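One-letter residues, chain by chain:
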Amino acid sequence: MADLPSDIIWERHVTPSGKVYDIGSRPAGPSSGPPMQMQGQSNTLDEETFDIHVNWPVVQAGMAGQWKTPPPADMHVTRIWRYNLYKGDNGAWPTIQFSNMGACYYRFLDERGDQLAMQTTYAADYYARFSWDFKAIVNIKGEFGDRRDAV
């Protein structure tokens, strides 16, 4: 399983259907930085909200730690420039790590429609652990800006 940084600050949340998940961020410092094609782009788009279909399958522990790059069109819409979605060993919760370009309220939906919601506040790496099994993230919805009152 991929080793997560030891300084992640975790917060517990519950979905509308009663499923538990944890979201995490590190106390300070940005991620390693976006790819060259995204540098210099604004954190805002023509639209303040988005709803995009994706196919981010959960990989097993042996594949954990291998960052994936979304297609350029998805990257432009979501402002997520890399992700890692995996299930750990010994019944560990599925975990997603992702790096983005700034403040956004995200909702990640699995193939059954269950969702994890989280607010990002600046360009950095973010983390979430799901308490339920699923096969893939199939949709991402979001609103740019700080929507902490919505989480």
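Look a little higher up for the structure.
This one's a predicted model, so the numbers in the text were calculated from it and none came from an experiment.

Enquirer: Please give an account of the environment of Met75 that cites residues and values.
Expert: Its place among the elements puts Met75 in helix 1 (residues 72-78). Residue Met75 is classed as buried on the basis of its relative accessible area of 2%. Taking the C-alpha atoms as reference, Met75 lies 9.7 Å from Met101; in sequence the two are 26 residues apart.

Enquirer: So, the nonpolar core: which residues are in play, and what are the values?
Expert: Within the largest apolar cluster, 28 residues are counted, with the highest numbers of intra-cluster contacts made by Trp56, Leu85, Phe108, Ile137 and Ile140. Mapped onto this core, the elements with two or more residues apiece are strand 2 (20-25), strand 3 (49-57), strand 5 (80-87), strand 6 (94-100), strand 7 (104-110), strand 8 (115-120), strand 9 (125-130) and strand 10 (136-144). Here Phe108 is in contact with Trp56, Ile80, Ile96, Phe98, Asp114, Gln115, Leu116, Met118, Ile137, Asn139 and Ile140, once residues within four sequence places are set aside.

Enquirer: With reference to specific residues and values, describe the pairing of strand 8.
Expert: In regular strands, side chains alternate between the two faces of the sheet. The buried count for strand 8 comes to 5 of 6 residues, which makes it a mostly enclosed element. Hairpin geometry of strand 7 and strand 8 is characterised by an intervening segment of 4 residues between the two adjacent antiparallel strands and by a positive phi of about 95 degrees at Gly113.

Enquirer: Go over the sheet that holds strand 3 with me, naming the residues and quoting the values.
Expert: Taken in spatial order, the 4 strands make up an open sheet running 3-10-7-8, and their pairing is antiparallel. Sheet topology places strand 3 and strand 8 at the edges, where each strand pairs with a single neighbour. Ignoring which end each strand starts from, the neighbouring axes of this sheet average 20 degrees apart. Relative to strand 8, strand 7 runs antiparallel, the two sharing 6 bridges. Its bridge partner lying in strand 8, Tyr106 is registered against Met118.

The rules we used
Residues numbered from 1 in each chain as written. Predicted model: local features only at pLDDT ≥ 70, side-chain atom pairs only at ≥ 80, totals over all residues. Heavy atoms only, no water. Helix = DSSP H or I, 4+ residues; strand = E, 2+ residues; numbered from the N terminus. Buried < 20%, exposed > 50% of the residue type's maximum accessible area, 1.4 Å probe, protein only. Core = buried A, V, L, I, M, F, W, Y, C linked by side-chain atoms within 4.5 Å. Contact = heavy atoms within 4.5 Å. Pairing = 2+ DSSP bridges. Axes fitted to C-alpha atoms, helices over the stretch in contact; angles between N-to-C directions.

Any functional reading would require information beyond the geometric quantities listed.
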